[in-house]
Amino acid sequence: MDAKLARVFQGIFYDAPKNAVEVMDKAELHKIALKSDHTTCQPLGNERSFMWIDITQPSDEKLEMLSERFKLDPQILEDLKGREGRPKLHDYDDYIYIIFHAITLDPDPDHEGKHEINTHEIDCLLGGDWIITIHDDPMPKFDTLATRWKRRPEWMRNGAGNLLYELMDAVLDDYFPILDRLDEKIDSFEDRLYGAGESDDDSGDGKLSSEIFALKRALLEVRHIAGPTRDVANILLRRDAEEGGKHFAAFQDLYDHSSRIVENIDTYRDILSGALDAYLAIESNRMNAVMKRLTAYSIILLLPTLIAGIYGMNFDDMPKQHGFWGSLGAMGIIVGSLLVYFKWRKWM
């Protein structure tokens, strides 16, 4: 078997008595069908078994091969090649097409010591006795899940819908540790913010606002996929209820998880908005304090300069008589008085 095909097609065929991992080329993919013809997209025809094909980085040729075997709609093939879809669900009667996303917190290549959130699209096709998952990046969670299902063949009796729940649940479970990391970062923002507000240092924390904006942008990106994912879970829930509710509890759990993710993101965004408003208020107060101080210094320097200018313009040579020492004394008294006044008003 071609080694490249072995990496691309890792088809896992599940059946009640035994499980096996198969590597399939085009001929093998057609041969696994138990029905006599290949015009149907149902490959097995057995209620107690189904097939899972998991594909990483498929070429256009491999996608067309799948499309031909499972009689996929041409629009699906275009979406699979484009790999740019938001979470969604389309019902094509014989199967459904679902897009959902995994997220990871990866080191930021442009900023050492920082991390950025990356999203990874997963396309999923679910038929009566088959399920196909397609993604560009490796999914270790799927490998773990495959190992678990191979150890428990009796789970196949619950149908491919139960595997769909397990796949989406495994992906959504990874959202919570990342959101917890973001929550810790928000807490650190608040600590720095309160420290900046209580500090007498006028330098402030210039990076804080840019970091808050960056985190708000990351949360918004996750919100853009978490919200539609909740809608997908809701559609699955309603669809299953209309078909008898075989997986109702599983899809209800999926909907609850996606709802919690959306609620957490909205909460964090609200907290960040409040933190940003507080930061801007602190910066405004600090700017006001700086302006008061500069105004005080300007007034202190202005009056002696005014006296010296008026007094000095009346003489060709500055004599030491005609009130020279008196003018210096007046300047000193004015400067001292203003210093005391502005200190009392806490402008300095």
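One can find the structure itself at the top, above this paragraph.
Counting starts from 1 at the beginning of each chain's written sequence and moves along it residue by residue. Given that the model is predicted, a residue must reach a pLDDT of at least 70 before its local features are reported, and side-chain atom pairs must reach 80 or more before they are shown or counted; all residues, however, enter totals for whole chains, interfaces and linings. Side-chain metrics rest on all non-hydrogen atoms present in the structure, leaving aside hydrogens and water.

Caption draft 1: Geometry of the overall build of the chain. For the chain, the count of helices and strands is 10 helices and 7 strands. Only protein chains enter the calculation, and the probe is 1.4 Å; a residue is then buried if its accessible area is under 20% of its type maximum, exposed if over 50%, and partly exposed in between. Sorting the 348 residues of the chain into buried and exposed places 41% on the buried side. We call two residues contacting when some pair of their heavy atoms lies within 4.5 Å. Sequence separation of 24 or more characterises 67% of the internal contacts of the chain that already satisfy a separation of 6 or more. All accessible areas in this document rest on Shrake-Rupley with a 1.4 Å probe, and a residue is counted as covered only by the protein chains that are shown. Carbon together with sulfur atoms contributes 52% to the accessible area of the chain, which is approximately 19000 Å² in total. The way it works is that DSSP assigns letters per residue, a run of H or I at least four long becomes a helix, a run of E at least two long becomes a strand, and they are numbered from the N terminus.

Caption draft 2: Layout of the side chain of Glu211. Examined against the element boundaries, Glu211 turns out to sit in helix α8 (residues 206-242). By relative accessible area, Glu211 is classed as buried at 14%. Ignoring any residue separated from it by four or fewer positions in sequence, one finds Glu211 in contact with Lys114, Phe189 and Arg192.

Caption draft 3: Main features of the pattern of salt bridges. Salt bridge, as applied in this entry: a Lys or Arg side-chain nitrogen positioned within 4 Å of an Asp or Glu carboxyl oxygen. Inspection of every chain in the model, using the stated rule, returns 8 salt bridges. For Arg223, the salt bridge goes to Asp266, with nearest N and O atoms at 2.9 Å. One end of the pair, Arg223, is in helix α8; the other, Asp266, is in helix α9 (residues 248-312), with 43 residues separating them in the sequence. Arg223 gets classed as partly exposed once you look at its relative accessible area, which sits at 22%. Put simply, Glu243 and Arg239 hold a salt bridge, and the shortest N to O gap is 3.7 Å. By relative accessible area, Glu243 is classed as exposed at 55%.

Caption draft 4: Region of interest: the environment of Gly161. Checked against the element boundaries, Gly161 lands in helix α6 (residues 160-173). Expressed as a C-alpha distance, the spacing of Gly161 and His247, which sit 86 residues apart in the sequence, is 7.1 Å. Apart from residues lying up to four places away in sequence, Gly161 is in contact with Leu126, His247 and Phe251.

Caption draft 5: Main features of the packing of helix α3 (residues 60-70) against helix α4 (residues 74-82). Orientation is described by lines fitted to C-alpha atoms, with helices fitted over the stretch in contact, and by angles between N-to-C directions that extend from 0 to 180 degrees. Packing of α3 against α4 brings their axes to within 10 Å, and their N-to-C directions diverge by 155°. As judged from the angle between their axes, α3 and α4 are roughly antiparallel. Crossing hand, α3 versus α4: right-handed. Each of Asp60, Leu63, Glu64 and Ser67 in α3 lies in contact with α4, whose residues at this interface are Leu77, Leu80 and Lys81. Class assignment of the residues belonging to the contact of α3 with α4 gives a composition of 3 nonpolar, 1 polar and 3 charged. Roughly parallel refers to an angle under 35 degrees, roughly antiparallel to one over 145, roughly perpendicular to one between 65 and 115, and oblique to any angle outside these ranges. Whether a crossing is left-handed or right-handed is set by the direction in which the near helix is turned from the far one by less than a right angle, anticlockwise for left-handed and clockwise for right-handed. Each residue is assigned to one class: nonpolar for Ala, Val, Leu, Ile, Met, Phe, Trp, Tyr, Cys and Pro, charged for Asp, Glu, Lys and Arg, and polar for all the others, Gly among them.

Caption draft 6: Fine view of the nonpolar core. In this text, buried Ala, Val, Leu, Ile, Met, Phe, Trp, Tyr and Cys residues form a nonpolar core when linked through side-chain atoms within 4.5 Å. Membership of the largest hydrophobic core comes to 60 residues, with the highest contact counts inside it found for Ile98, Leu164 and Leu236. Contributions of two or more residues to this core are made by β3 (49-56), β5 (95-107), β6 (115-127), α5 (140-151), α6, α7 (175-198), α8 and α9. Non-local contacts of Leu164, meaning those with residues more than four positions away in its chain, are made with Ile98, Cys124, Leu126, Ile131, Leu236 and Phe251. Within the second largest apolar cluster, 17 residues are counted, among which are Leu63, Phe70, Leu77 and Ile132.

Caption draft 7: Summary view of the pairing of strand β4 (residues 88-91). For two strands to be treated as a pair, DSSP must find at least two bridges joining them. Pairing of β4 with β5 involves 4 bridges; the strand directions are antiparallel. Bridge pairing in β5 places Leu89 opposite Ile98. Following β4, the chain reverses through 3 residues before pairing antiparallel with β5; Asp93 in that reversal takes a positive phi of roughly 70°.

Caption draft 8: Region of interest: a positive patch on the surface. What makes a patch is a set of residues exposed beyond 30% relative accessible area and free of salt bridges, joined within 9 Å when like-charged and within 5 Å when nonpolar (Val, Leu, Ile, Met, Phe, Trp, Tyr). Residues counted as positive are Lys and Arg, residues counted as negative are Asp and Glu, and His and the chain ends are not counted. Note on charges: their place is set at NZ of Lys, CZ of Arg, CG of Asp or CD of Glu. On the surface, Lys114, Arg181, Lys185 and Lys207 cluster together to form a positively charged patch. Of note, Lys114 is situated in the loop between β5 and β6.

Caption draft 9: Examining the packing of α5 against α6 more closely. Two numbers describe how α5 lies on α6: the axes approach to 10 Å, and their chain directions differ by 145°. As for the relative orientation of α5 and α6, their crossing is right-handed in sense. When α5 is examined against α6, the residues Lys141, Phe142, Leu145, Arg148 and Trp149 are found in contact with a partner set consisting of Asn162, Leu163, Glu166, Leu167, Ala170 and Val171. The residue inventory of the contact of α5 with α6, partitioned by class, reads 7 nonpolar, 1 polar and 3 charged.

Honestly, that's just the spatial picture; any functional story needs more than this.
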